[in-house]
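Here are the chains, one letter per residue:
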Amino acid sequence: MSSTKLASKPVVYQDVEHDPVTSVLPNGDIPYTDHEMDADERVIVALGYKQEFKREFSLWTTFCVSFAVLGLLPSFASTLYYGMGYAGTAGMVWGWIIAMVFIQCVAMAMAELCSAMPTSGGLYYAAAVLAPPGYGPFAAWLTGWSNWIGQITAAPSVDFALAAMILAAASISNPDYVPTSWQTFLLTTLIMIIHTFISSMPTKWVARFNSYGSTFNMMALVVVLIAIPAGTKNEPKFTPSKEVWGTITNGTEFPDGVAVLMTFVGVIWTMSGYDSPFHLSEECSNANIASPRAIVMTSGVGGLMGWFLQLVVAYTVVDVGAVIDSDLGQPWASYLLQVMPRKTAMAILGLTIICGFSMGQGCMVSASRVTYAYARDDCFPLSRIWKKVNETTKTPVNAVILNTVLGILMCLLILAGDVAIGALFSIGAIAQFVAFAIPISIRVFFVGHRFRKGPWHLGPFGPAIGGLGVVFVLLMVPILCLPSVRGADLTPDQMNWTCLVWGAPMLAVTIWWVVDARKWFKGPKINVEHVMHGVEAIVDVGVEVEDQRSDQDDAVSKASKM
């Protein structure tokens, strides 16, 4: 009966053992399909998965999604409080440079992993494959949950900041209007629902939408970089360089050096979207080259243009305290009104709002692919629902809906005050970078030069570059949990709740692992159709099943006579 089923359509045995990726298939295990596979499908099959998505993302459109997720202009606008508020202009410009050197190390080490294992599971898959024997499932478990927490907080935090900017614009237009927390929550919810519909569309439409949005993001960023220094209304137009680079305005109760390190939360949160090409690699053509290139392009271009934006603001801001403590509740809007004519400020704020919408949608797409990848390996309750690919759109619609519901629930923190909802930004930063660091540290400290590189790699410098990235993350984890005040001034409403809001779920999933999950979770699941027996009968790769069926039937006949 089994032979008849195979013979109903020609099946081609594919030798994927020598494809340029870190394959998980056992030696001699040769998958089979009903068609000849192209290079991209051979790569994903070598990693143990069927090709389920259409590969309609290119290097450019993949870069566009990740750059949209990066969203430099809206990200900077959303986190201006952390850079300028913690350490003033000197903290902004120096903090960005220092942080970017190490963030680039993390990005390049991640790109090397992506080239070797281009699957939507991303870092979670890499941790499982590279970990020492027996530790793969646990490494994947921690990496996956931390990455997932960071991913599902991205869209809510972006959309909250977007809603705050929209309502700030309304307040500027109508000074008598004061937004309430409920209005911010409801507007955030509406934006997330719109993003849900867009992210559930067919892959080609999503790629096109993000391409347009990212192009607009880049154009708007260039316009802002030119418009602010050219149109500033203050005299003198620019702050002296000595003050910009040399004066730290410490807004915390910690030493100046720690205050500068605390500004990194804005940089890390802004620059945490470059892993998107990893998660989109199963939808990208020439994935083991295009996806790592997109990662490095996003980090490099984003880091450079983000620093230019830091310089523009640092040289033009007049009163840091007035920007941070403005009644508008949105430092970017306050800054624009301080340095630009009213109409010009509103125009730039409008550009930022449009870019923020594109960024939130990119975050939703990336998070849905992560949820799908983990559900495919049954990490979640009801995984059979979340891993389903919609037959019409060929996208993980159920995963998108799950993320939206969880995001709306998290946005209830808006009703608890600014400090509580601000935890979403710190959670996204710490959760993502911990997930980045786990597989990179395994690759550096346990695998070393035995790592099987993909076609894009760092050569002999891979371990050193990855090591610098890991050290940076280890330094930043406690820094990201620090409140801005301490001692008697540290009250519940001033507390940095990141350690609780991120640490509690991670502690819970660790306990879950010890108590139960270790018994059934074995890491990424292979779902390709493959041959575990009878491989010796296959002489040449590419021989169709009809040619092999008589050999297999003879073997079965001999066995039955014995």
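Residues numbered from 1 in each chain as written. Predicted model: local features only at pLDDT ≥ 70, side-chain atom pairs only at ≥ 80, totals over all residues. Heavy atoms only, no water.

Asks: Account for the overall build of the chain, naming residues and giving values.
Replies: Each helix and strand counted, the chain has 22 helices and three strands in total. Here the chain, with 562 residues, has 58% of them falling under the buried criterion. In the chain, 81% of the contacts between residues at least 6 apart in sequence involve partners at least 24 apart. Total accessible area on the chain stands at roughly 22,500 Å², and carbon and sulfur atoms take up 65% of it. (Helix = DSSP H or I, 4+ residues; strand = E, 2+ residues; numbered from the N terminus. Buried < 20%, exposed > 50% of the residue type's maximum accessible area, 1.4 Å probe, protein only. Contact = heavy atoms within 4.5 Å. Areas by Shrake-Rupley, 256 points an atom, 1.4 Å probe, with all protein chains shown as cover.)

Asks: So what's going on with the nonpolar core? Residues and values would help.
Replies: Ranked by internal contacts, the top residues of the largest apolar core, which has 162 residues, are Ile103, Tyr274, Trp332 and Tyr335. Per-element tally for this core: the top contributor is helix 4 (residues 72-116), with 23 residues. Sequence-distant contacts of tryptophan 332, that is, excluding residues within four places in its chain, are made with Leu73, Phe76, Ala77, Leu80, Met165, Val224, Ile228, Val313, Ile348, Leu349 and Thr352. Ranked by size, the runner-up nonpolar core spans five residues in total, among them Val93, Leu311, Ala314 and Tyr315. (Core = buried A, V, L, I, M, F, W, Y, C linked by side-chain atoms within 4.5 Å.)

Asks: How would you sum up the pattern of salt bridges? Please name residues and give values.
Replies: All told, the structure shown has two salt bridges when counted by the stated rule. A salt bridge links glutamate 112 to arginine 443; the nearest nitrogen and oxygen atoms lie 3.2 Å apart. Taken as a pair, glutamate 112 in helix 4 and arginine 443 in helix 19 (residues 418-447) lie far apart in primary sequence, 331 residues in all. Of the two residues, glutamate 112 and arginine 443, neither departs from the other in class, the shared state being buried. For the salt bridge of aspartate 378 with lysine 387, the shortest nitrogen-to-oxygen distance reads 3.2 Å. (Salt bridge = Lys/Arg side-chain N within 4 Å of Asp/Glu carboxyl O.)

Asks: Mind laying out the packing of helix 5 (residues 123-130) against helix 6 (residues 136-173), listing which residues take part and the relevant values?
Replies: Following both chains from N to C, one finds helix 5 and helix 6 inclined at 160°, their axes separated by 7 Å at the closest point. In terms of their interaxial angle, helix 5 and helix 6 are classed as roughly antiparallel. For the crossing formed where helix 5 meets helix 6, the hand is right-handed. Contact residues: Leu123, Tyr124, Ala127 and Ala128 in helix 5; Gly136, Ala139, Ala140, Thr143 and Gly144 in helix 6. The class makeup of the residues in the contact of helix 5 with helix 6 is six nonpolar, three polar and no charged. (Axes fitted to C-alpha atoms, helices over the stretch in contact; angles between N-to-C directions. Parallel < 35°, antiparallel > 145°, perpendicular 65-115°, else oblique. Left-handed = near helix turned anticlockwise from the far one by under 90°. Nonpolar A, V, L, I, M, F, W, Y, C, P; charged D, E, K, R; others polar.)

Asks: Outline the confidence of the model for the chain, listing residues and values.
Replies: Averaged over all residues, the pLDDT of the chain equals 80, while 84% of them reach at least 70. Here residues 1-13 is modelled with pLDDT under 50, and outside its nearest four sequence neighbours on either side it reaches 38 contacts, counting other chains as well. Confidence drops under pLDDT 50 across residues 530-562; counting only partners more than four residues distant or on other chains, this segment forms 39 contacts. (pLDDT = per-residue confidence, 0-100.)

Asks: Which residues make up helix 6, and what values do they have?
Replies: Here helix 6 is 38 residues long and its end C-alpha atoms lie 56 Å apart, about the 56 Å a rise of 1.5 Å per residue gives. A bend of about 25° at alanine 154 is the largest found in helix 6, and the proline proline 156 appears one to four places after it. Helix 6 sits mainly inside the fold: 34 of its 38 residues count as buried. (Expected span 1.5 Å × (residues − 1). Bend = angle between axes of the 7 residues up to and from the residue.)

Asks: Residue-level account of the packing of helix 6 against helix 16 (residues 342-376), with values.
Replies: Two numbers describe how helix 6 lies on helix 16: the axes approach to 9 Å, and their chain directions differ by 160°. When the axes of helix 6 and helix 16 are compared, the pair comes out roughly antiparallel. Helix 6 and helix 16 meet at a crossing whose hand is left-handed. When its residues are assigned to classes, the contact of helix 6 with helix 16 shows 20 nonpolar, 10 polar and two charged.

Asks: Could you give an account of the side chain of asparagine 147, with specific residues and numbers?
Replies: As for its position among the elements, asparagine 147 is in helix 6. Taking the relative accessible area as the measure of exposure, asparagine 147 reaches 0% and is therefore buried. Once you skip the residues sitting within four places of it in the chain, asparagine 147 turns out to touch Asp275, His279, Val370, Tyr374, Ala431, Gln432 and Ala435.

Asks: Can you lay out the environment of alanine 207 for me, pointing to particular residues and giving the numbers?
Replies: Examined against the element boundaries, alanine 207 turns out to sit in helix 8 (residues 203-231). On the basis of relative accessible area, alanine 207 is assigned to the buried category, the value being 4%. With residues up to four places along the chain from it excluded, the contact list for alanine 207 reads Glu56, Phe57 and Thr61.

Asks: I'd like a description of helix 3 (residues 59-70), backed by residues and values.
Replies: If you check helix 3, its first and last C-alpha atoms are 16 Å apart, about what 12 residues at 1.5 Å a residue would give, namely 16 Å. Most of helix 3 sits inside the fold, with 10 of its 12 residues counted as buried. All of the buried residues along helix 3 are Thr61, Thr62, Phe63, Cys64, Val65, Ser66, Phe67, Ala68, Val69 and Leu70. As for helix 3, its buried residues are in contact with helix 4, helix 8, helix 11 (264-270), helix 12 (276-279), helix 13 (287-316) and helix 16. With its phi angle positive at about 45°, glycine 71 sits one or two positions after the end of helix 3.

Asks: Give me the packing of aromatic side chains: which residues, what numbers.
Replies: Per the counting criterion, the structure on display carries 30 aromatic pairs. Each ring, one from tyrosine 81 and one from tyrosine 82, has its centre 5.6 Å from the other, and the planes form 80°; the classification is edge-to-face. Overall, the relative accessible area of 36% leaves tyrosine 81 in the partly exposed class. You can call tyrosine 82 buried: its relative accessible area is 11%. Consider the rings of phenylalanine 264 and phenylalanine 472, whose centres lie 6.2 Å apart with planes at 40°: the pair is tilted. (Phe/Tyr/Trp six-rings, centres within 6.5 Å; stacked < 30°, edge-to-face > 60°.)

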